[in-house]
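Chain and residue survey
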Amino acid sequence: MWQVLGQDKAIRFLESSLKRGGLAHAYLLVGPPHVGKMTLACDIAKTLNCTGDNPPCGQCPACVRVTSGKYADVASVGRVKDEKSGRLKRDIGIDQMRDVQKAAHLPPYEGKFKVFIIDGAELLSTDAANCFLKTLEEPPPHIVFLLLAGKESDVLPTVVSRCQRVEVRPLPPERIEAALVDRWAVGPAQARLLAHLSQGCLGWALQAKDKPELLQQRVDMAERFRQLAGSGYEPRFAFAAELATQHEQSPEQVSHVLGLWGLWWRDLLMVRGGCPRWSVNIEQVDKLSKSEYASLSTSQITGSIRRLEATVQHLRRNANPRLALEALMLELPRVTSA
Ligand SMILES: [Zn+2]
């Protein structure tokens, strides 16, 4: 049984290519963080090596060992920690891909296929990607590469063009809510909140279920955005400085915060448009209904969403973080209290 939830289209596509004998050497699994790309990749690795009647059976020795990460022919490659700083490196380096290249040329040790899962195809350094391309151009038999990526546009086009693309889509909130209640015995109220906040990414909901601090961070951040909307430049520039410092350690975290800020504005738009049930932060709806937001026009709200998205793009393209963030703070509209 496929463990990944709700990815019926992707599963149908993969099953039919297996039946037709049209297996590709490389698949690019594209979807937002925590949407289920790794779960789907493990399902594919099991399907390729399953010895049961109905792959992936989940019960044969191969399936069990892929699940526990102990199957010799399935390897996952992602960012590793820097030995000096103890922090995760910014990219997947050439040494790691050279190891993949060497291992790929050996026959499978115990299964039918050797499977390499590249967890973050957009994180391959240029050298690593070029090294990997050589393997992709002349793939050894019995090898399947599964590349996971948030956005196809962030992956080197020469890598993308050698892969079959598989979209891993966010799920509707009702589907996540039902799964949390049925499979994980979460209470109905918490399941509804987690399902909305997850934005279709079950993996996030499952993490937040066990880590109340994740939920609290969301609530605290929404409160910070609410305060910033009404504040002058001083607190805004302080926030820009804070984010710029954070950017040195973890650019992904800053993108995440800006993404949440964009959602805060989107929720405001939903509430203003009379569609609060489409809000992500459903527990914030009452606060967003207040009359103080009446001073904002719809185009100011949509403009803020676009401005936040543009800042994420600028930072990704190596803009100066402090300048990009300060420019953002200057341009976001200010709510004037009634
Ligand atoms: Zn099996």
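Each value, and the rule that gives it
- Residues numbered from 1 in each chain as written.
- Predicted model: local features only at pLDDT ≥ 70, side-chain atom pairs only at ≥ 80, totals over all residues.
- Helix = DSSP H or I, 4+ residues; strand = E, 2+ residues; numbered from the N terminus.
- Rg over C-alpha atoms; globule rule 2.2 N^0.38 Å.
- Buried ≥ 20, exposed ≤ 12 C-beta atoms within 10 Å, placed from the backbone.
- Contact = placed C-beta atoms within 7 Å.
- Domains from an automatic or database assignment.
- Pairing = 2+ DSSP bridges.
- Axes fitted to C-alpha atoms, helices over the stretch in contact; angles between N-to-C directions.
- Right-handed = clockwise from strand over helix to strand, strands pointing away.
- Expected span 1.5 Å × (residues − 1).
- Arc of directions from axis to C-beta.
- Parallel < 35°, antiparallel > 145°, perpendicular 65-115°, else oblique.
- Left-handed = near helix turned anticlockwise from the far one by under 90°.
- Nonpolar A, V, L, I, M, F, W, Y, C, P; charged D, E, K, R; others polar.
- Core = buried A, V, L, I, M, F, W, Y, C linked by C-beta atoms within 7 Å.

Attention now goes to the overall build of the chain. Counting secondary structure elements, the chain contains 15 helices and five strands. For the chain, whose C-alpha radius of gyration is 22 Å, the value lies close to the compact-globule estimate of 20 Å for 338 residues. By its C-alpha atoms, the chain is 70 × 45 × 35 Å across when sized along the principal axes. Taken across its 338 residues, the chain has 34% of its residues classed as buried. In the chain, 70% of the contacts between residues at least 6 apart in sequence involve partners at least 24 apart.

Time to look at the domain arrangement of the chain. What the domain assignment lists for the chain is domain 1 (8-167), domain 2 (172-210) and domain 3 (211-331). Once you take the C-alpha centre of each, domain 1 and domain 3 turn out to be 35 Å apart.

The pairing of strands in a sheet happens through backbone hydrogen bonds and is either parallel or antiparallel. Here we have five strands laid out as an open sheet, ordered E2-E3-E4-E1-E5, and parallel in their pairing. Single-partner strands in this sheet number two, and they are strand E2 (74-77) and strand E5 (164-167). Looking at each pair of strands side by side, their axes are set apart by 20° on average, direction ignored. Direction of pairing for strand E1 (residues 26-30) relative to strand E4 (residues 143-149): parallel, over a ladder of five bridges. Each bridged residue has a counterpart across the sheet, and for Leu 28 the counterpart in E4 is Leu 147. Relative to the sheet, helix H2 (residues 37-49) contacts E1, E2, strand E3 (114-119) and E4, its axis offset from that of E4 by approximately 170°.

Working note: regular strand, side chains alternate between the two faces of the sheet. Where E2 and E3 come together, four bridges link them in parallel fashion. Across the sheet, Val 77 pairs through a bridge with Ile 118, a residue of E3. As a crossover connection, the stretch from E2 through helix H4 (residues 94-104) into E3 is right-handed.

This part is about helix H12 (residues 251-272). Taking 1.5 Å per residue, 22 residues should reach 32 Å; H12 reaches 32 Å between its end C-alpha atoms and fits that length. For H12, every residue scored as buried is listed here: Val 254, Val 257, Leu 258, Trp 261, Leu 263, Trp 264, Trp 265, Asp 267, Leu 268 and Val 271. Following H12 by one or two positions, Gly 274 adopts a phi angle in the positive range, close to 75°.

This paragraph deals with helix H15 (residues 321-331). Here H15 has its buried residues at Pro 321, Ala 324, Leu 325 and Leu 328. With its buried residues spanning 95° around the axis, H15 presents them on a single face. More than 90 degrees from the buried face of H15, the exposed residues found are Leu 323 and Leu 330. For H15, the elements touching its buried residues are helix H11 (233-249) and helix H14 (298-316).

The geometry of helix H8 (residues 188-197) relative to helix H9 (residues 202-210) is characterised by a closest axis approach of 9 Å and an angle of 135° between their N-to-C directions. Overall, the two elements H8 and H9 adopt an arrangement that is oblique. Viewed along their axes, H8 and H9 form a crossing whose handedness is right-handed. Counted together, Leu 194, Ala 195 and Leu 197 of H8 and Ala 205, Ala 208 and Lys 209 of H9 form the full contact between these two elements. Broken down by class, the residue content of the contact of H8 with H9 amounts to five nonpolar, no polar and one charged.

Turning our attention to the environment of Phe 132. Counting through the fold element by element, Phe 132 comes out in helix H5 (residues 126-137). Note: C-alpha distance between Phe 132 and Thr 39 (93 residues apart in sequence) is 23 Å. Setting aside residues up to four positions removed in sequence, Phe 132 forms contacts with Met 97, Leu 124 and Val 159.

Within the largest apolar cluster, 61 residues are counted, with the highest numbers of intra-cluster contacts made by Leu 28, Leu 29, Leu 146 and Leu 147. A per-element tally of this core places E4 first, with seven residues. Two domains each provide a minimum of three residues to this core, namely domain 1 (8-167) and domain 2 (172-210). Apart from residues no more than four positions distant in its own chain, Leu 29 is found in contact with Lys 37, Leu 40, Ala 41, Leu 146, Leu 147, Leu 148, Val 166 and Val 168. One finds Ala 222, Leu 258, Trp 264 and Leu 288 within the second-largest nonpolar core, a separate group that totals 22 residues.

On to the packing of helix H10 (residues 212-230) against H12, then. For the pair H10 and H12, interaxial distance at closest approach is 10 Å and the crossing angle is 65°. Considering the angle they form, H10 stands roughly perpendicular to H12. Read as a crossing pair, H10 and H12 show a hand that is right-handed. Every residue of H12 that contacts H10 at Met 221, Ala 222 and Phe 225 is listed here: Val 257, Leu 260, Trp 261 and Trp 264. Residues that form the contact of H10 with H12 fall into these classes: seven nonpolar, no polar and no charged.

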